[in-house]
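# Geometric and topological summary
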Amino acid sequence: MRIVHREDQERRERDELAEDAARAAESEGRARSADADALRTEYQRDRDKILHSKSFRRLSHKTQVFLASEGDHFRTRLTHTLEVAQIARTITRALGLNEDLTEAIALGHDLGHTPFGHTGEAALAGSIARHRGINPASPEAAALYRHNEQSVRVVERIENGGAGLNLTFEVRDGILNHTGDLRAETLEGRIVGTADRIAYVNHDIDDAIRAGILREADLPESTHRVLGENHSARIETLVWDMVRTSAATGDIAMSEEVWDAMMELRAFLFANVYTAPVVMAEVEKATHLLADLFDYYVDHLDEVPEDYRVIAEGDDLRAVTDYIAGMTDRFATATYQRLFIPHALSY
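Here's a quick rundown of the structure. (Residues numbered from 1 in each chain as written. Predicted model: local features only at pLDDT ≥ 70, side-chain atom pairs only at ≥ 80, totals over all residues. Heavy atoms only, no water.)

A separate point is the overall build of the protein. The helix and strand inventory of the protein stands at 17 helices and zero strands. A compact globule built from 347 residues should have a C-alpha radius of gyration of about 20 Å, and the protein, at 21 Å, falls within 12% of that. On the principal axes, the C-alpha backbone points of the protein span a range of 75 × 55 × 40 Å. Counting the 347 residues in the protein, one finds 53% classified as buried. Of the contacts made within the protein by residues no fewer than 6 positions apart, 71% connect residues no fewer than 24 positions apart. (Helix = DSSP H or I, 4+ residues; strand = E, 2+ residues; numbered from the N terminus. Rg over C-alpha atoms; globule rule 2.2 N^0.38 Å. Buried < 20%, exposed > 50% of the residue type's maximum accessible area, 1.4 Å probe, protein only. Contact = heavy atoms within 4.5 Å.)

Next up, the structure:
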């Protein structure tokens, strides 16, 4: 048995990965220089930095869609992250790209998500807008808090008491550009962006069925025909199509038919799950809770932990935003109860 050193792994990347794969030895580097590790490549170090961060641990107590789920099998932000990483790694491996870079981006892509999923993201954006005198319902307001940008802020500025994690450029780029129409510079980053959609479209269907909101038979017939009749078949179809189409085109892509079917499922979820009465009832509660917490801490800035105030460098709204964004669902709920719900009087 012999020790496999970092140089051996870098040599393997150079010799075995696809020509257009990102190679750790050719990384654009970190904001601050650091001595090379004896065993791990730069992307492996980034993966480990993220995995051991406080923000990553908190993902286990941040919900995804079902904000007040009582069962133990509904997804959390952490299980979503792990599903994204698994799907992205499978695609990356099949295309001969850099699995370590993909994994690091996937594990870090949602570190900036708020409590209560995208509901919390919208609530924070609206709260910032109110305090800046901007209409909370305006497009301008929606841009005031984006979880991908906050994820980068977490790894660059918030973690380690303001020092950040000092990640490589490629990982930070993949985290920032994983959502919407944004496009990462590396193929590995682009894989994570699509794997994110594959994961949440499919697991949100699974959770909605578990919650009794949907039945498998309710899904559009066209998506059953194109993607498959169940959760496992859909993911297999999406992954295989992405591998085949990417290999054929030289970029990360799906065939038009399969992409359109996935986006049809996504639209179906918005119409039938994300806006379902049982979900919207919890959305309203969570929105109210976070807005009240935001207003409270703006008025009581001294109660925001000092490290957040120092990191914000005099920007009070930034300090409050960073603090609340980092809360888990249960911590936010417990804080709200402590601040706003009087305890019963004892006689």
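Together, E256, E257, D260 and E264 give the surface a local cluster of negative charge. Mapped onto the secondary structure, E264 falls in helix α13 (residues 256–272). (Patch = residues over 30% accessible without salt bridge, like charges linked within 9 Å, V, L, I, M, F, W, Y side chains within 5 Å. Areas by Shrake-Rupley, 256 points an atom, 1.4 Å probe, with all protein chains shown as cover. Salt bridge = Lys/Arg side-chain N within 4 Å of Asp/Glu carboxyl O. Lys, Arg positive; Asp, Glu negative; His and termini not counted. Charge placed at Lys NZ, Arg CZ, Asp CG, Glu CD.)

To continue, consider the packing of aromatic side chains. Tallying each qualifying case throughout the model produces six aromatic pairs. Geometrically, the ring pair formed by Y297 and Y323 is edge-to-face, given 5.3 Å between the ring centres and 85° between the ring planes. In this pair, Y297 sits in helix α14 (residues 277–299) while Y323 sits in helix α16 (residues 316–325), placing the two residues 26 residues apart along the sequence. Each member of the pair, Y297 as well as Y323, carries the same accessibility label: buried. (Phe/Tyr/Trp six-rings, centres within 6.5 Å; stacked < 30°, edge-to-face > 60°.)

To continue, consider the nonpolar core. In terms of nonpolar packing, the biggest core is built from 85 residues, with V171, L293, Y297 and I324 touching the most fellow members. The element that contributes the greatest number of residues to this core is helix α10 (residues 187–210), accounting for 10 residues. Those residues in contact with V171, other than ones at most four positions away along the chain, are Y43, D46, I50, L101, A104 and I105. (Core = buried A, V, L, I, M, F, W, Y, C linked by side-chain atoms within 4.5 Å.)

Since there are 3.6 residues in each turn of an α-helix, residues three or four apart along the chain are aligned in direction. With 12 residues, helix α17 (residues 329–340) should reach 16 Å at 1.5 Å per residue; the first-to-last C-alpha distance of 16 Å fits that figure. Among the residues of α17, those classed as buried are D329, A332, T335 and Y336. For α17, the angular spread of the buried residues around the axis is 135°, confining them to a single face. Of the exposed residues in α17, the ones pointing more than 90 degrees away from its buried face are R330 and R338. Contacts made by the buried residues of α17 are with α14. (Expected span 1.5 Å × (residues − 1). Arc of directions from axis to C-beta.)

Counted by the stated rule, this structure contains 34 salt bridges. One salt bridge connects E10 with R6, and the closest N-O pair in it is separated by 3.3 Å. In this pair, E10 and R6 both sit in helix α1 (residues 6–16), four residues apart, roughly one turn of the helix. Exposure class is identical for E10 and R6. Each is buried. Residue D251 is joined to R183 by a salt bridge in which the shortest nitrogen-to-oxygen separation is 2.4 Å.

Another point: the packing of helix α5 (residues 99–108) against α10. For the pair α5 and α10, interaxial distance at closest approach is 9 Å and the crossing angle is 45°. In this view, α5 runs oblique relative to α10, as classed from their interaxial angle. Considering the relative orientation of α5 and α10, their crossing is right-handed. On α10, the residues touching L101, T102, I105 and A106 of α5 are E188, G189 and V192. A breakdown of the residues in the contact of α5 with α10 according to their chemical character gives four nonpolar, two polar and one charged. (Axes fitted to C-alpha atoms, helices over the stretch in contact; angles between N-to-C directions. Parallel < 35°, antiparallel > 145°, perpendicular 65-115°, else oblique. Left-handed = near helix turned anticlockwise from the far one by under 90°. Nonpolar A, V, L, I, M, F, W, Y, C, P; charged D, E, K, R; others polar.)

The next subject is the packing of helix α8 (residues 147–158) against α16. Orientation of α8 relative to α16, taken along the N-to-C sense of each, is 100°, at an axis distance of 12 Å. By the angle between their directions, the pair α8 and α16 is classed as roughly perpendicular. Listed contacts from α16 to Q150, R153 and I158 of α8 are R318, D322 and A325. A breakdown of the residues in the contact of α8 with α16 according to their chemical character gives two nonpolar, one polar and three charged.

Moving on: unusual backbone geometry. When glycine is set aside, most residues are seen to have a negative phi, and most peptide bonds are trans. A positive phi angle, close to 65°, is found at F116, a residue other than glycine. With a phi close to 55°, N166 is a non-glycine residue in the positive phi region. Along the polypeptide, N166 turns up in the loop between α8 and α9 (169–176).

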